[in-house]
Amino acid sequence: MWPFNTCRTISLDELRSSYDYIIVGGGTAGCVLASRLSEDPSVTVLLLERGKTAFTWASWVPLLSSDYQSDGTRSQKTASVPQRHVADKVTEIVVGNALGGTSRINGMIYTWGLPAQFNAWEEQGRKGWSYGDLHPYFRKAERALDEQGTSKIHNTSGEWRNRSHAQRFFQVFIRAVQAAKGIGFPFITDLNSDEHPIYGIAKLHYTIDEHGRRNHAASAFLPETLLLKRKENLHVCVDALVTRLLSDRSEENGLVVAGVHVENSQRVSAKVSANNEVVLCAGSLGTPQLLMLSGIGPREHLASAGIEVIKDLPGVGSNLQDHIGIPILFNVPLEDSILSMQRRPWVALREFFKYWIFGTGMLLCPVHELSLFAKSELLSADFQNGVADPTKLDRTDPANIPDIEIMTSILVQIAYGETRKEDGHRGGFSLWAIPVSPASRGTVRLASSDPRVPVACDPNLLADPTDRASAHAGMRLCLRIKERMAENGYPITDYAVPGGTAAEALDRHIVQWGQSIYHYTSTCRMAPEGDIYPGVVDDELRVHGVRGLRIADASIFPNVLATHLQASVVAVAEKCADMLKTARKAEIK
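Residues numbered from 1 in each chain as written. Predicted model: local features only at pLDDT ≥ 70, side-chain atom pairs only at ≥ 80, totals over all residues. Heavy atoms only, no water.

Please give an account of the overall build of the protein chain that cites residues and values.
If you tally the helices and strands in the protein chain, you get 15 helices and 25 strands. Expected size for 589 residues packed as a compact globule is a radius of gyration near 25 Å; at 23 Å, the protein chain falls within 12% of this value. Taken over the C-alpha atoms alone, the protein chain extends approximately 75 × 55 × 45 Å along its principal axes. The proportion of buried residues among the 589 residues of the protein chain is 60%. Residue pairs in contact within the protein chain that sit at least 24 positions apart in sequence constitute 73% of those at least 6 positions apart. When the accessible surface of the protein chain is totalled, it reaches about 22100 Å², and 50% of it is carbon and sulfur. (Helix = DSSP H or I, 4+ residues; strand = E, 2+ residues; numbered from the N terminus. Rg over C-alpha atoms; globule rule 2.2 N^0.38 Å. Buried < 20%, exposed > 50% of the residue type's maximum accessible area, 1.4 Å probe, protein only. Contact = heavy atoms within 4.5 Å. Areas by Shrake-Rupley, 256 points an atom, 1.4 Å probe, with all protein chains shown as cover.)

Describe in detail the packing of helix α4 (residues 131-141) against helix α15 (residues 566-588), supporting the description with residues and values.
Viewed as axis vectors pointing N to C, α4 and α15 meet at an angle of 105°, and their least axial separation amounts to 8 Å. Taken together, the axis directions place α4 and α15 in an arrangement best described as roughly perpendicular. The segment α4 lies against α15, with Leu134, Tyr137, Phe138, Lys140 and Ala141 engaging Ala567, Ser568, Val570, Ala571, Glu574, Lys575 and Asp578. Residue composition of the contact of α4 with α15, grouped by class: seven nonpolar, one polar and four charged. (Axes fitted to C-alpha atoms, helices over the stretch in contact; angles between N-to-C directions. Parallel < 35°, antiparallel > 145°, perpendicular 65-115°, else oblique. Nonpolar A, V, L, I, M, F, W, Y, C, P; charged D, E, K, R; others polar.)

Describe unusual backbone geometry, listing the residues and the values that go with them.
In this model, Leu462 sits at a positive phi of 60°, which is unusual for a non-glycine residue. Within the secondary structure layout, Leu462 lies in the loop between β22 (456-458) and α13 (465-487). The backbone of Leu541 sits at a positive phi, close to 70°, despite the residue not being glycine. Given the relative accessible area of 0%, Leu541 is considered buried.

Let's hear about the sheet that holds strand β16 (residues 318-320): which residues, and what values?
Within the open sheet, the three strands sit side by side as β16-β21-β22. Their pairing is antiparallel. Each end of this open sheet is capped by a strand with a single partner; those strands are β16 and β22. On average, each strand axis in the sheet is inclined to that of its neighbour by 35°, with strand direction left out of account. Where strand β21 (residues 442-445) lies against β22, three bridges are found, and the strand directions are antiparallel. From the neighbouring strand, Arg445 faces β22, where its bridge partner is Ala456. Packing against the sheet, helix α8 (residues 283-293) makes contact with β21 and β22, and its axis sits at approximately 50° to β21. (Pairing = 2+ DSSP bridges.)

Explain a nonpolar patch on the surface to me, and be specific about the residues and the numbers.
A contiguous nonpolar surface patch, about 660 Å² in accessible area, is contributed by Leu349, Phe352, Phe353, Trp356, Ile357 and Phe358. Checked against the element boundaries, Phe352 lands in helix α11 (residues 345-358). Overall, the relative accessible area of 31% leaves Phe352 in the partly exposed class. (Patch = residues over 30% accessible without salt bridge, like charges linked within 9 Å, V, L, I, M, F, W, Y side chains within 5 Å. Salt bridge = Lys/Arg side-chain N within 4 Å of Asp/Glu carboxyl O.)

Can you tell me about the pattern of salt bridges, naming the residues and giving the values?
Applying the stated criterion across every chain, the model contains 22 salt bridges. In this structure, Glu574 engages Arg36 in a salt bridge whose closest nitrogen and oxygen atoms are separated by 2.7 Å. Within this pair, whereas Glu574 is found in helix α15, its partner Arg36 is found in helix α1 (residues 28-37), the two being separated by 538 residues in sequence. Look at Arg36 and you get buried, because its relative accessible area is 3%.

Explain the packing of helix α3 (residues 115-123) against α4 to me, and be specific about the residues and the numbers.
The interhelical angle for the contact between α3 and α4, taken along N-to-C directions, is 125°, at an axis separation of 8 Å. Here α4 runs oblique to α3, going by the angle between their axes. Counting all contacts with α3, which are made through Pro115, Phe118, Asn119, Trp121 and Glu122, the residues of α4 involved are Tyr131, Asp133, Leu134 and Phe138. Here the contact of α3 with α4 is built from residues that sort into six nonpolar, one polar and two charged.

Requested: an account of the packing of aromatic side chains, with residues and values cited.
Under the definition given, this model contains 16 aromatic pairs. With 5.3 Å between their ring centres and 45° between their planes, Phe55 and Trp60 make a pair best called tilted. Assessed through its relative accessible area of 18%, Phe55 is described here as buried. Look at Trp60 and you get buried, because its relative accessible area is 6%. Judged by centre distance (6.3 Å) and plane angle (50°), the rings of Trp160 and Phe221 are tilted. Pair noted here: Trp160 is in strand β6 (residues 160-164) and Phe221 is in helix α6 (residues 217-221), with a separation of 61 residues, a long-range link. By relative accessible area, which is 1% here, Trp160 ends up buried. (Phe/Tyr/Trp six-rings, centres within 6.5 Å; stacked < 30°, edge-to-face > 60°.)

Explain the nonpolar core to me, using residue names and the numbers behind them.
Ile22, Val278, Leu291, Leu541 and Leu549 are the most contacted members of the largest nonpolar core, which totals 96 residues. In terms of residue count, the dominant contributor to this core is α15 (ten residues). Apart from the residues within four sequence positions on either side, Leu541 is in contact with Trp129, Met526, Leu549, Arg550, Ile551, Ala552, Ile556, Val572, Cys576 and Met579. Counting residues in each nonpolar core, the second largest holds 74 residues, with Val61, Ala116, Ile328 and Ile338 among its members. (Core = buried A, V, L, I, M, F, W, Y, C linked by side-chain atoms within 4.5 Å.)

I'd like a rundown of the pairing of strand β13 (residues 269-280), residues and numbers included.
Where strand β1 (residues 18-24) and β13 come together, six bridges link them in parallel fashion. Each bridged residue has a counterpart across the sheet, and for Tyr21 the counterpart in β13 is Glu277. One ladder, built from five bridges, connects strand β12 (residues 254-263) with β13; its direction is antiparallel. Looking at β13, one finds that Glu263 is bridged to Ser269. Between the antiparallel neighbours β12 and β13 lie five residues, among them Arg267 with a positive phi of about 65°. Where β13 meets strand β25 (residues 549-551), three bridges bridge the pair, whose relative direction is parallel. The partner of Leu280 across the bridge, within β25, is Ile551.

Below, the structure is given as structure tokens:
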């Protein structure tokens, strides 16, 4: 019971010798898949998570549980390789490392993205992956707490809660909306509706439940009551690192993954067999790492790491995509900033009691209240938004996907440790320019044959010139919004801004302030093995040339989506569960 939540798990020595399905990775996708596959009591499911449950009071509080405010027990942090297109800058790489995965530490932003993005997948030949195909899976998982009655777009009876904030906590957000509307961006109340335009400034929805708690994937899809009810056919094992896949090869069946080798932090190990299939849900860094450690991946790289190649699959660990975010920082009145909690202890105490008693206030994490989406080709020279051609407004057309997101934030000074003494009576506010449709692609490669050593991650940020152009356009749009806010009489001043709007000044600011938004995708992309960007799985999420093995996480995205990703990851897991159920029924017949 809140705030003393628990989760029923088993230890390594309690594992059975075999299960029907083994799910590697108890993150966002893994929790969904384990819940769905275990609905049939005759099906045995094992969910393996390398991290621990890590359920503490603070881990449920939205503000305190986000990575930039947490104690680090639920995340794994490493450094990227130097980014050669950003003056060899090294950016932080962060992934979840507890049951529930990155949904335990992220900003809780719940967005589906435009239908056009998934229709683009269909245009690329991904049968069954259009928006029309995926919309039922978005709906299936969600419980939209803002909705009253029935809705053709949203579901109000799923497991995964989402809601918006009922009110604006700070005046600065209201002023940002006014400024954006003044330059042609309409206000959008539901960013997940399939009726809003391709551009606009929107209030955000978050995976927060009706009691004000973070509703991460483990709490939504694997609550304690469910685990107790299914204790005979669903086992969740934490502190369980899968070190390699166990495979067999025969003339009759070819290469087949038959199980996993798993270790805990004390190096106690076990082998577990899969009667049906193994599904990898270890994320865009963990999934390719395990494949390569198991001998499935680019031949030359595996040979250089001293790993025997059992399947040459060049797409494994290739095609990594990520979003870079460039914050532009401003000072605003202290009462318009969450910094007031840090600098005024009585405010922090007041907000603590508001949250504890009523489930309201700043601890609900009103950090990123708004997102603006734009397409740079629709912006005028003075960054006024406008459309002359009505076909540019079709949100189902892959040609109309935005390339810019502007996020508002009131936490960036804390996140960067930027609190200058002379600014003690001023609060912080920032606008983040994010090129959300990047063409740049990087790699994930083994840094060691030791599975406990993090991979060498190279997002290759801004390698493609079009990404830099979108970043520049986004930064100039940020400055235009700030300018408009000031023109409207709001007391906003510069804190850390580019030295001008010329490309050179913008690039210097990127080098100093740019960072990953932690949206890693496409390292095991869904595409043909011989695609120009080689694929790893087919349209049924089966690994090419390997039987008994599927992948269901963000690594299978053909490309990174122009939105925040957790809702799409859940939709992929929901679809994969149906695929596995269909395959099982066919085998039984």
